[in-house]
Amino acid sequence: MMKMLVEIGVEELPAIPLLKELPYIQEKWENILDKYHLKSDFKFYYTPRRLVFLHEHFSVKQDDSFVEIIGAPKHIAYKDGKLTEAGLSFLKKSDLKENEIEIKEIKGKEVLYCQKKIQGLKSEQVLPKMIEEFLRSLNFGKTMRWGDGKFEFIRAIRSFCCILDNKLVDFESYGVKSSMSTFIHRSISYDLIPFEGIDGYFEILEKNYVILDQNIRKQIIIEQLKKLEKENNINIINDEELLAEVVAITEYPTALLGYFEEEYLEIPSEVIITSMRENQRYFAVLKNEILSNNFIVVANAVCDNYSKIIYGNEKVLKARLSDAMFFWKNDLAQGLCNEKINQMLYLEGLGTLKDKIEREKDIALKLCKILGNFDEDTIVQAIEYSKADLSTQMVYEFTNLQGIMGSYYAKAMGMSDEICLAIKEQYLPNGDTSNLPSNEISSIVALANKFDTLIGLFAMGKIPNGNKDPYALRRAANGVLKIILNLGKNFDIEDFLRDVTPRYKNFDWKILLDFILERLHTFYNINASFIKAVLNVKNYDILHIDRSVKALMSIVDSGDFDKNFSTFKRLANIAIASEIEIKEKLFTTQEEKNLYQAFLQCKQNNNQIDLYLKNLFALKSQIDAFFDNVMINDKNEEIKINRQAMVFTIYKEFLKIADIKEISL
């Protein structure tokens with residue numbers, strides 16, 4: 001065992017593609033190590049200009065491996081005691097002599113067989129191939145070409161360094177020859193700098209302002225932000241995604257406080273924060289809990305005086321905010337107007353945005369009838385103006401502010417707070433951790449938007465396939481379920497889809513129903529068969545489904561469910577559909593009477609799903625006694641049918657909540 005270091009030097013990696021691939025990078029290197037029989041623990045580091053793997057204990061050579069070679073059956077390989085063509089072919093393939101052939105029984109047949117040992121290669125022989133294979137496995141989305149178009153990666157590769165036992169592994173790949181040298185911070189030098197050994201690698205980076213460990217860079221930034229907060233009596237808005245990006249684009253981070261003119265605070269805070277975050281990667285700052293005219297920039301520079309860096313960033317931000325102020329005032333002067341969007345194409349086959357708005361209004365009115373008596377006029381007016389901000393200059397510049405800007409413009413036009421809020425929240429939830437619409441009116445508007453998107457795109461055949469979901473329909477389906485559950489009202493999604501889909505191009509709406517219900521598997525941390533059992537009841541009221549799944553989860557978590565469930569699985573498996581009414585006069589055993597009385601008592605409390613299911617499972621001892629002491633298939637036909645009817649009647653009560661026959665442990 002020895003130390004091993006791999007550094008892949010690149011031109012600056014773009015942060016977002018790097019962060020998207022980051023969760024898989026270590027796994028892909030582990031897979032390469034496993035494939036080449038060189039598995040060992042390692043640490044992974046990255047900066048904008050390098051990917052680094054450090055192994056403290058790396059094998060000097062591959063482990064030896066064995067391969068089995070199986071030939072033709074014995075009766076085909078030999079004829080009259082001599083090898084046939086099939087037998088000779090096996091000899092050639094396995095590089096054996098005839099007296100080395102083994103005969104082995106495999107799957108009931110005697111076949112020619114040999115096991116060959118494959119000598120492991122020295123690590124230095126396979127490492128170049130491993131590094132190349134690893135680089136080809138990475139998926140950053142877009143790539144670039146260089147070197148007359150021969151090479152392809154997210155950014156041009158400029159250096160390779162592979163050190164094994166403090167000796168360079170000499171190879172060439174992507175047009176670059178490996179060397180014991182690396183790039184230090186650009187503020188110090190643009191050239192490759194040589195060093196000696198693995199310890200020398202870490203020393204030269206540390207001396208030349210490259211903080212290799214991304215976790216240390218993150219902690220440095222956090223501490224610097226806290227210091228700025230304390231010194232300036234400010235609060236920096238916590239933004240984990242932005243922090244991750246800043247860590248990914250810096251090698252020597254320094255957090256700096258900048259300013260912009262107070263007059264720009266007239267612009268909605270969302271615009272200022274978005275402009276700073278997306279265009280410049282600045283952190284927004286609060287003072288006394290409101291947005292201040294400060295920002296934080298994290299510089300990736302080494303210098304004695306950072307004032308010029310602060311000034312340069314202030315100048316850039318001023319230009320951005322000047323544009324935003326121009327858009328804001330122009331949009332306010334024009335107000336929300338549907339004339340422009342009435343001609344905007346929504347999607348081929350689904351008409352214009354005006355057509356979408358009309359469909360959403362119809363859906364919203366149906367939702368109002370199902371979910372409660374809401375102010376229909378307010379909801380219809382909110383939907384009428386919900387897409388109007390798509391024609392504004394501000395949303396054209398910052399597309400992720402659609403809805404948000406519409407709410408500001410609607411307020412300026414004197415629309416009610418309910419309408420403004422519904423316009424603002426129409427796209428919620430828009431992510432796994434996103435907020436939900438904050439009231440019922442906003443919820444109806446958001447549901448109408450999501451349902452029209454789902455139904456319309458499914459009608460046009462735009463159904464997600466595998467990992468591809470360009471229209472974020474899985475997210476829309478998740479949003480539908482979350483909003484309905486948050487409202488806490490009964491909503492049969494099957495009846496709803498059957499009612500609203502005739503307005504769209506004819507398609508099998510049951511595919512959409514299954515698609516939406518399939519998303520429930522992401523909502524609960526439970527064996528998938530439990531959710532299947534609930535859905536198999538074919539009660540498509542979302543609230544009922546949720547309560548049923550949670551009731552099952554509670555039973556599972558309560559104790560010895562795995563051990564006790566066999567009783568109920570047996571009940572489900574032997575239950576035969578029966579419409580016969582149970583007759584107590586036909587009971588001939590005490591076990592029958594005890595089970596039936598316990599069942600009747602259980603049925604008296606069937607209003608709460610969780611309590612009722614708990615009581616049904618509490619019948620275990622009576623059911624066990626019944627199975628152990630009562631012959632269901634009695635010689636007397638009437639008694640037999642009566643006992644079958646009792647088994648099915650109990651099973652049928654479970655079926656109101658979950659088909660326990662579908663549960664697998």
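The structure presented is a predicted model; accordingly, all values stated were derived computationally and were not measured. (Residues numbered from 1 in each chain as written. Predicted model: local features only at pLDDT ≥ 70, side-chain atom pairs only at ≥ 80, totals over all residues. Heavy atoms only, no water.)

**Student:** Just to check I follow, could you spell out the nonpolar core for this structure?
**Tutor:** Soluble, globular proteins show a tendency: their nonpolar side chains are buried together. Counting 133 residues, the largest nonpolar core has F451 and I493 as the members making the most contacts within it. When residues of this core are assigned to their parent elements, the largest contribution, twelve residues, is made by helix α15 (residues 440-459). Beyond its immediate stretch of four places on either side in the chain, I493 contacts F451, V480, L513, I516, L517, Y540 and I542. Judged by nonpolar contacts, the second largest core, of 57 residues, contains I32, F140, F171 and A248. (Core = buried A, V, L, I, M, F, W, Y, C linked by side-chain atoms within 4.5 Å. Buried < 20%, exposed > 50% of the residue type's maximum accessible area, 1.4 Å probe, protein only. Helix = DSSP H or I, 4+ residues; strand = E, 2+ residues; numbered from the N terminus. Contact = heavy atoms within 4.5 Å.)

**Student:** What is the right way to read the pattern of salt bridges from this model?
**Tutor:** Side-chain pairs of opposite charge can arise where the charged atoms are in close proximity. Tallied over the entire structure, the rule returns 37 salt bridges. Close ionic contact of R136 with E132 constitutes a salt bridge, the shortest N to O distance being 3.2 Å. Residue R136 and its partner E132 are located together in helix α4 (residues 123-137), separated by four residues, close to a single helical turn. Between D362 and R503 there is a salt bridge, and its shortest N-O distance comes to 1.9 Å. Of this pair, D362 sits in helix α10 (residues 353-371) while R503 sits in the loop between α17 (493-500) and α18 (509-518), and the two are 141 residues apart along the sequence. (Salt bridge = Lys/Arg side-chain N within 4 Å of Asp/Glu carboxyl O.)

**Student:** Any chance you could explain the sheet that holds strand β12 (residues 167-168) here in plain terms?
**Tutor:** Strand pairing in a sheet relies on backbone hydrogen bonds. The paired strands run either parallel or antiparallel. Taken in spatial order, the five strands of this open sheet run β2-β3-β1-β11-β12, and their pairing is antiparallel. The open sheet has two edge strands, β2 (43-47) and β12, and neither has a second partner. Examined bridge by bridge, strand β1 (residues 2-10) and strand β3 (residues 50-58) share seven bridges and lie antiparallel to one another. Paired with V6 across the two strands is F53, which belongs to β3. Sheet strands in contact with α4 are β1, β3 and β11 (157-164), and its direction is about 145° off that of β11. Running at roughly 45° to β1, helix α5 (residues 197-207) makes contact with β1, β2, β3 and β11 of the sheet. (Pairing = 2+ DSSP bridges. Axes fitted to C-alpha atoms, helices over the stretch in contact; angles between N-to-C directions.)

**Student:** Is there a simple way to explain the sheet that holds strand β19 (residues 283-287) in this structure?
**Tutor:** An order of β17-β19-β20-β18 is seen for the four strands of this open sheet, with the pairing classed as antiparallel. One side of each edge strand has no neighbouring strand; the edge strands of this open sheet are β17 (235-236) and β18 (253-259). As defined by bridge partners, β18 adjoins strand β20 (residues 290-300) across seven bridges and the pair is classed as antiparallel. Note on β20: the bridge partner recorded for L256 is V297. Of the strands in this sheet, β17, β18, β19 and β20 touch helix α6 (residues 214-232), which is tilted by about 30° from β18.

**Student:** Help me understand the state of the cysteines in this model?
**Tutor:** Throughout this description, disulfide means a covalent bond between two cysteine sulfur atoms. Applying the stated rule across the entire model yields zero disulfides. As a non-bridged cysteine, C162 has C161 as the owner of its nearest cysteine sulfur, 7.4 Å distant. According to the relative accessible area criterion, C162 is buried, its value standing at 0%. (Disulfide = S-S within 2.5 Å.)

**Student:** Where do I start with the packing of aromatic side chains in this structure?
**Tutor:** Applying the stated rule across the entire model yields 34 aromatic pairs. Judged by centre distance (5.2 Å) and plane angle (85°), the rings of F53 and F134 are edge-to-face. Separated by 81 residues along the polypeptide, F53 in strand β3 and F134 in helix α4 bring together distant segments of the chain. Relative accessible area serves as the criterion here: at 0%, F53 is assigned to the buried category. On the basis of relative accessibility, which here comes to 0%, the residue F134 falls in the buried class. Between F617 and F654, the aromatic rings sit 5.2 Å apart at their centres with planes inclined by 70°, giving edge-to-face as the arrangement. (Phe/Tyr/Trp six-rings, centres within 6.5 Å; stacked < 30°, edge-to-face > 60°.)

**Student:** Looking at this structure, I do not really get a negative patch on the surface. What am I missing?
**Tutor:** A surface patch of negative charge is lined by D375, E376, D377, D417 and E418. Counting residues per element, the ones that place at least two in the negative patch are α11 (376-384) and α14 (417-424). The topology assignment puts D375 in the loop between α10 and α11. Accessibility expressed as a relative area gives 40% for D375, which makes it partly exposed. (Patch = residues over 30% accessible without salt bridge, like charges linked within 9 Å, V, L, I, M, F, W, Y side chains within 5 Å. Areas by Shrake-Rupley, 256 points an atom, 1.4 Å probe, with all protein chains shown as cover. Lys, Arg positive; Asp, Glu negative; His and termini not counted. Charge placed at Lys NZ, Arg CZ, Asp CG, Glu CD.)

**Student:** Is there a simple way to explain α5 in this structure?
**Tutor:** Every buried residue belonging to α5 is among G197, I198, G200, Y201, I204 and L205, and all of these are buried. The arc that holds every buried residue of α5, seen down its axis, measures 155°, which confines them to one face. Away from the buried face of α5 by more than 90 degrees, exposed residues E206 and K207 are located. Among the residues trailing α5, Y209 stands out with phi positive, at a value near 65°. (Arc of directions from axis to C-beta.)

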